[in-house]
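Remarks on the overall topology
Spelled out, the chains give:
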Amino acid sequence: MTRTMEEVERLLAELQADVEALKTEPSDAWPKVGDFVYVVLSNGKIMEAVWMGTEDDNLVLKRGLIFRTRKEAEAEDKRSIALAGIHADAKADRERFAIQGHVRVIVNAGFTLLVPLCHVPYGTPYFHTYEAAAASAKKWLGGEE
């Protein structure tokens, strides 16, 4: 296929505009096209990939499943497994006991907090006693009960 000089000049101008646009991107923007990233897949496996900046790439990034290092991706996988386990324990606890009044909520680093049931945000796992919450925290997060 032979192109005319005008077509080549137009294509060159478009490419030069793309290059200039890339140069004006903030230097701290991450990830950039061509960066190696680590993705936590739904089966828990960690995949190394090249960031292409596609619509699908950006959807996965918005879900918080793209990481700079394998170590960060592995930590997120462990966190999501622990959170799922704590939710399962809390559900089982609620099914065994009629919970009214105040409940225990696991907060940072496995500490538990006593709060009125009406103040527990939707989707937050809660338990009927300190012991039940502490046992779940220890089981999934490690540390002392």
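Quick summary incoming for the structure in this document.

How each quantity is defined
Think of each chain on its own: its residues are numbered from 1, step by step along the sequence as written. Selection of residues for local features in this predicted model requires a pLDDT of at least 70, selection of side-chain atom pairs for listing and counting requires 80 or more, and totals for whole chains, interfaces and linings are taken over all residues. For side-chain calculations, the full set of non-hydrogen atoms in the structure is used, while hydrogens and water are omitted. Strand pairing is assigned whenever DSSP identifies at least 2 bridges connecting the two strands. Helix and strand definitions follow DSSP, with helices as H or I runs of at least four residues and strands as E runs of at least two, each counted in order from the N terminus. In a helix, the anticipated span is given by 1.5 Å times the number of residues less one. Any residue under 20% of the maximum accessible area for its type is buried, any over 50% is exposed, and the rest in between are partly exposed; the area is computed with a 1.4 Å probe on protein chains only. Only heavy atoms enter the contact rule, under which two residues are in contact if any of them lie within 4.5 Å.

What follows deals with the sheet that holds strand E3 (residues 66–67). Taken in spatial order, the 3 strands make up an open sheet running E2-E1-E3, and their pairing is antiparallel. Strands at the two margins of the open sheet, each flanked by one partner only, are strand E2 (46–50) and E3. Here strand E1 (residues 36–40) runs beside E3; their pairing, made up of 2 bridges, is antiparallel. Paired with Val39 across the bridge in E3 is Ile66.

Over its 12 residues, helix H4 (residues 130–141) extends 15 Å from the first C-alpha to the last, a length consistent with the 16 Å expected when each residue adds 1.5 Å. What H4 keeps buried is the set Ala132, Ala133, Ala134, Ser136 and Ala137. Where H4 is buried, its residues meet helix H3 (70–96), strand E4 (102–106), strand E5 (112–116) and strand E6 (126–127). A positive phi of about 80° marks Gly142, the residue just after H4.

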